[in-house]
Amino acid sequence: MPTETTTAPATAPTPRVTRRRGPAAAVLIAETRLFLREPGNLFWIFAFPSVLLVILGFIPAFKEAQDDLGGRRVIDLYVPISILLAMITAAVQAMPPVLTAYRERGILRRMFVTPVRPSALLSAQILLHGAACLASALLVTAVGRIAYGVALPEQLPGYLLALLLAVAAALTLGSMICAVSRTAKAATAFGTGAYLVMMFSAGVWLPVQAMPDALRRIVEITPFGAASQALQQAASGSWPGWIHLGILALWTVVLGIAAARLFRWQ
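Residues numbered from 1 in each chain as written. Predicted model: local features only at pLDDT ≥ 70, side-chain atom pairs only at ≥ 80, totals over all residues. Heavy atoms only, no water.

1. Digging into the UniProt feature "transmembrane region" (unreviewed entry) in the protein
Spelled out, the test is: UniProt positions are given in the numbering used here, feature names are shortened, and annotations may be inferred rather than shown by experiment. The helix count covers DSSP runs of H or I at least four residues long, the strand count covers runs of E at least two residues long, and both are numbered beginning at the N terminus.
As recorded in UniProt, the feature "transmembrane region" (unreviewed entry) lies at residues 42–62, 77–99, 120–147, 159–180, 187–206 and 242–263. The span residues 77–99 carries 100% helix and 0% strand; its end-to-end C-alpha distance comes to 33 Å. For residues 187–206, helix accounts for 80% and strand for 0%, while the C-alpha atoms at its two ends are 27 Å apart.

2. A closer look at the packing of aromatic side chains
Defined as follows: Aromatic rings from Phe, Tyr and Trp, with only the six-membered ring used for Trp, were paired whenever their centres fell within 6.5 Å, and each pair was classed as stacked if the ring planes differed by under 30 degrees, edge-to-face if by over 60, and tilted otherwise. Throughout this description, buried means an accessible area under 20% of the type-specific maximum (1.4 Å probe, protein chains only), exposed means over 50%, and partly exposed covers the range between. Both a distance and an angle decide whether a charge sits over a ring: NZ of Lys or CZ of Arg must be within 6 Å of the ring centre and within 35 degrees of the ring normal.
For the structure on display, the rule yields five aromatic pairs. Here tryptophan 44 and phenylalanine 48 contribute two aromatic rings whose centre-to-centre distance is 4.8 Å and whose plane-to-plane angle is 55°, an arrangement assigned as tilted. Placement of both tryptophan 44 and phenylalanine 48 in helix α3 (residues 39–56) is noted, with a separation of four residues, approximately one turn of the helix. Given the relative accessible area of 42%, tryptophan 44 is considered partly exposed. Both rings, one in tryptophan 239 and one in tryptophan 242, keep their centres 5.7 Å apart while their planes meet at 40°; by these two values the pair is tilted. Note on tryptophan 239: relative accessible area 35%, which makes it partly exposed. Every member of this aromatic cluster is reached through a ring pair, and the members are Phe43, Trp44 and Phe48. A cation over an aromatic ring shows up here: arginine 103 above the ring of phenylalanine 263, its NZ or CZ 5.2 Å from the ring centre.

3. Some details on the packing of helix α7 (residues 156–180) against helix α11 (residues 242–262)
Selection criterion: For every element, the axis is a line fit to its C-alpha atoms; helices are fit only across the contacting stretch, and the angle between N-to-C directions ranges from 0 to 180 degrees. Should an angle fall under 35 degrees it is taken as roughly parallel, and over 145 as roughly antiparallel, whereas 65 to 115 is taken as roughly perpendicular and any remaining angle as oblique. The hand of a helix crossing depends on one turn: near helix anticlockwise from the far one by less than a right angle means left-handed, and clockwise means right-handed. Note on definitions: a residue-residue contact is assigned when non-hydrogen atoms from the two residues lie within 4.5 Å. For this scheme, ten residues count as nonpolar: Ala, Val, Leu, Ile, Met, Phe, Trp, Tyr, Cys and Pro. Four count as charged, namely Asp, Glu, Lys and Arg, and the remainder, Gly too, count as polar.
Interaxial distance between α7 and α11 falls to 8 Å at its minimum, and their mutual angle equals 25°. The angle between the axes of α7 and α11 places the two elements in the roughly parallel class. Our pair here, α7 against α11, has a crossing hand that is left-handed. Every residue of α11 that contacts α7 at Leu161, Ala162, Leu165, Ala166, Ala168, Ala169, Thr172, Leu173, Ser175, Met176, Ala179 and Val180 is listed here: Leu245, Leu248, Ala249, Trp251, Thr252, Leu255, Gly256, Ala258, Ala259 and Leu262. By residue class, the composition of the contact of α7 with α11 is 18 nonpolar, four polar and no charged.

What follows is the structure, given as structure tokens:
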């Protein structure tokens, strides 16, 4: 029969555990409030990909099945592309200037002398932007299904795996930009350059599946080119290619290690 001594730790956390969890939770709550007060970020991450999908749906040719796309419509291809667009916006446009500004103003340095570690702030930002990407993905999928009859992913487990790997690769790319940018202006400049390149590799201007073979092979070794192919394959009912999943995982590991080594708190 258990005694009070054996059951107490399970029901009453020690003060030490409370001190560890309390500040981190407070940081997350505070950062969530600040994030929700930024209408620009909310629009470009959460709403704009769906708005873009609706606009593209007004093009009649995009709603016609095409033989060179395996009987699919262009609008079908743009659902995963719009999902990737939200990730790109969150990772390289929204997150880096915020974290770099915190470091530039000395906030991260001052946090070292408080119960809250600076890593809690970094974790909160990554969690918030990752959640925004997933929420945007859900909205884009719903809009595509309801407005244009886009089929739901036929290989759902593979689709979710590719989606999570794409989010991870995107956020580590954003962390890398934070690591190499000394100021918020530099982060914005680096982010803008990366934004344009990643938009192209994700297929925003021309779907990866419609690119010439040589160009497609080059694009597929980029994180968002591989993500686009993996999501399209899963949406069509096939398990995403292990090469594409491997490329996403490799980019995540390499960028994550590089960002951790290069990142400076002050």
